[in-house]
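Next come the chains, spelled out residue by residue.
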Amino acid sequence: MKSALIFLNGYYDTRHLDFYRQEIVTAVEDRLPLICADGGICIFEELNRGVDTPLVPDILIGDMDSVAGQGYKSLPQAKQIVQEWIGQTDKDYTDGQLAVDYALEEYGCRHIIIYGGLPRPEGYETDQFLGNLKLMRFGHYRVSTDEHYSAEMRDPKQTIHYVLSTVRLTRKNSELQRVSLIAEVPNVIVAKSENLRWDLTSLHIHPDLTNALRNEFVEGAEWAALQLVEGSAPVYVIHNW
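Residues numbered from 1 in each chain as written. Predicted model: local features only at pLDDT ≥ 70, side-chain atom pairs only at ≥ 80, totals over all residues. Heavy atoms only, no water.

1. Things to note about the packing of helix H4 (residues 95–106) against helix H5 (residues 126–142)
Reasoning step 1: At their nearest, the axes of H4 and H5 sit 10 Å apart, and the two run at 40° to each other. One finds that H4 runs oblique with respect to H5. In this structure, H4 meets H5 at a crossing whose hand is right-handed. For the pair formed by H4 and H5, the contact residues are Gly 96, Gln 97, Val 100, Asp 101, Leu 104 and Glu 105 on the first element and Leu 135, Phe 138, Gly 139 and Arg 142 on the second.
Reasoning step 2: For the contact of H4 with H5, the class distribution of residues is four nonpolar, three polar and three charged. (Axes fitted to C-alpha atoms, helices over the stretch in contact; angles between N-to-C directions. Helix = DSSP H or I, 4+ residues; strand = E, 2+ residues; numbered from the N terminus. Parallel < 35°, antiparallel > 145°, perpendicular 65-115°, else oblique. Left-handed = near helix turned anticlockwise from the far one by under 90°. Contact = heavy atoms within 4.5 Å. Nonpolar A, V, L, I, M, F, W, Y, C, P; charged D, E, K, R; others polar.)

Take a look at the structure:
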């Protein structure tokens, strides 16, 4: 599946700029589209300070209110700026939804990778974070149910996967690897799990219970995997390290 990288106007852990730089450089090498939702372009501005060859996103999309609020005297550099609402009336879609929709419709992508989805620690942006989680589900809603689709939200120390059938998680370092599953609807059932300290095989993950939080990789395991039963509803799988 073709992937698209989407940069939201959220929290970027600037202690780990090398993480974002490597993600972008790898995407450019693989010719994957880079799409900034309004103020999400701030991470490119941060990465381009003092460099001779700037990193430039393919698309800057949205109503640009966040860009204006950050004091830019002119629109930041992007290969294409899209300020239309793509057939939607004003604010029927958020900037993040526009970015996901653009990746799906204009680039034909079916793997969405989101950055800047976490809330700013000082901003109490819980609503934004929950909405950003929904962006992964929104992409699934926007494509035909018979098409393959996957989404994830990447940060330097964590990835959140929106899983429809299977996921394989790779160990990131020698430290503890935590794995949590969160359901939004009742019909989430694990067919099998591998290399997790607490086996989840046949577990029904109920949205009102927290019995699938804070699992761990088996000590020494380089990967862990989960498979949902056929017909299961999707589940969020959070891997942090």
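2. Observations regarding the nonpolar core
Reasoning step 1: Ile 6, Ile 35, Ile 61, Ile 112, Met 136 and Ile 160 are the most contacted members of the largest nonpolar core, which has 32 residues in total.
Reasoning step 2: Ignoring sequence-local partners within four residues, the contact set of Ile 160 consists of Phe 129, Leu 133, Met 136, Ala 151, Glu 152, Met 153, Tyr 236, Val 237 and Ile 238.
Reasoning step 3: In this structure, Ile 24, Leu 55, Met 64 and Ile 113 belong to the second largest nonpolar core, which totals 20 residues. (Core = buried A, V, L, I, M, F, W, Y, C linked by side-chain atoms within 4.5 Å. Buried < 20%, exposed > 50% of the residue type's maximum accessible area, 1.4 Å probe, protein only.)

3. So, the sheet that holds strand S7 (residues 158–163)
Reasoning step 1: An order of S4-S3-S2-S1-S5-S6-S7-S13-S9-S11 is seen for the 10 strands of this open sheet, with the pairing classed as mixed. Single-partner strands in this sheet number two, and they are strand S4 (80–82) and strand S11 (215–216).
Reasoning step 2: Judged from the four bridges that link them, strand S5 (residues 111–115) and strand S6 (residues 150–155) form a sheet pairing that is parallel. Across the sheet, the residue bridging to Ile 112 is Ala 151, located in S6.
Reasoning step 3: The strands touched by H4 within the sheet are strand S1 (3–7), strand S2 (34–37), strand S3 (59–61), S4 and S5, with S2 carrying the most contacts at an inclination of about 160°. (Pairing = 2+ DSSP bridges.)

4. Regarding the pairing of S1
Within a regular beta strand, the side chains point alternately toward one face of the sheet and then the other, so they alternate between its two faces.
Reasoning step 1: The element S1 is extensively covered by neighbouring structure, given that five of its five residues are classed as buried.
Reasoning step 2: Of the two faces of S1, the one lined by Ser 3, Leu 5 and Phe 7 and the one lined by Ala 4 and Ile 6 are each fully buried.
Reasoning step 3: Bridge count between S1 and S5: five bridges; the pairing is parallel. When the sheet's bridge partners are listed, Ser 3 is paired in S5 with His 111.
Reasoning step 4: The pairing of S1 with S2 spans three bridges and is classified as parallel. Along S2, the bridge assignment pairs Leu 5 with Leu 34.
Reasoning step 5: Of the crossover connections in this fold, the one passing from S1 over helix H1 (residues 17–29) to the parallel S2 is right-handed. (Right-handed = clockwise from strand over helix to strand, strands pointing away.)

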